[in-house]
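# Structure at a glance
Each chain is listed here by its residues.
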Amino acid sequence: MEKEIREVELRLPKLQDEEFKEVKDLIQSVSGIGEKTTLQLMAATSGFKNFDSAKSLVKYFGLAPRIYQSGRKSYSPGKCRTSKTHIRSLLYVCSWTAIKHNVPCKELYLRLLGKGKPKKIALIAVCNKLLRICFGVVKNKMAYQADYQKNLKILT
C-alpha cells in the first residue's frame, strides 16, 4: 500500500500539469492577463470549478459595484472592500495593460471616462470585465477572441 502511495505521489505533479495546462493556456489567451495572475486565479478558484456564474465570481472577489446609502444620500465607491484584496490588486494592475492592448476593455474604459466617471472607477469596471472574460473563456473552453461578437454579427 505504501509503495502505491509513493507511486501516486510521484505522478501527481505530472497529473496536475496535464489538468491545469488547458485552463492556464485559456486564461493567458486574454490580453492583459499574465502568468502570475493566471496562477493566482487558478489557485483561488480551483480552476473556476467552484463557481456557476460570472456574477458570483465577481462578487467573490469584491469587484461588483455597490451603492452605499444612508437616508437620502447614496454613493458608489466602485467596488466592495470586503474580500480578496490580493487578487483584486492583481486584476487592477492587469487592467492597466488591458486598456492598452485589449480592445473591448479599452472601449469600456473610454466610454466610462466619456460619461464623466473617475479613472479608478473605470479601471475597476475593466477588472470586472477581465474577470468575466476569464470565466467565460474557461467555461466555454475556447481561447479568447477580441472580435468574437463582431464575427457573430457577420454570420447572422
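Since the structure is predicted, the reported quantities are computational estimates derived from the model, not experimental observations. (Residues numbered from 1 in each chain as written. Predicted model: local features only at pLDDT ≥ 70, side-chain atom pairs only at ≥ 80, totals over all residues. Heavy atoms only, no water.)

Counting residues in hydrophobic clusters, the biggest one holds 37 residues, and the most contacted among them are Ile27, Val30, Ile33, Phe48, Val126, Leu130 and Leu131. Mapped by element, the contributors of at least two residues to this core are α1 (2-28), α2 (35-45), α3 (54-60), α4 (85-101), α5 (103-114) and α6 (119-140). Counting residues per element, this core draws most heavily on α6, at 12 residues. Non-local contacts of Val126, meaning those with residues more than four positions away in its chain, are made with Ser95, Ala98, Ile99, Cys105, Leu108 and Tyr109. (Core = buried A, V, L, I, M, F, W, Y, C linked by side-chain atoms within 4.5 Å. Buried < 20%, exposed > 50% of the residue type's maximum accessible area, 1.4 Å probe, protein only. Helix = DSSP H or I, 4+ residues; strand = E, 2+ residues; numbered from the N terminus. Contact = heavy atoms within 4.5 Å.)

What follows covers the confidence of the model for the chain. Per-residue pLDDT for the chain has a mean of 82; in total, 79% of the residues score no lower than 70. For the chain, the element scoring lowest by mean pLDDT is helix α7 (residues 148-155), at 53; α5 scores highest, at 94. Overall, residues 152-156 carries pLDDT values under 50, and its contacts beyond four positions in sequence, including any with other chains, amount to 0 contacts. (pLDDT = per-residue confidence, 0-100.)

Among the structural elements, Asn102 can be located in the loop between α4 and α5. The residues contacting Asn102, other than those within four sequence positions of it, are Val30, Ser31, Thr97, Leu130 and Tyr144.

Once that is clear, we can look at the packing of α4 against α6. At a minimum axis separation of 9 Å, α4 and α6 run at an interaxial angle of 95°. When the axis of α4 is compared with that of α6, the two are roughly perpendicular. From α4, Leu91, Tyr92, Cys94, Ser95, Trp96, Ala98 and Ile99 reach across to α6, where they touch Lys120, Leu123, Ile124, Val126, Cys127, Leu130 and Leu131. Of the residues in the contact of α4 with α6, the class split is 12 nonpolar, 1 polar and 1 charged. (Axes fitted to C-alpha atoms, helices over the stretch in contact; angles between N-to-C directions. Parallel < 35°, antiparallel > 145°, perpendicular 65-115°, else oblique. Nonpolar A, V, L, I, M, F, W, Y, C, P; charged D, E, K, R; others polar.)

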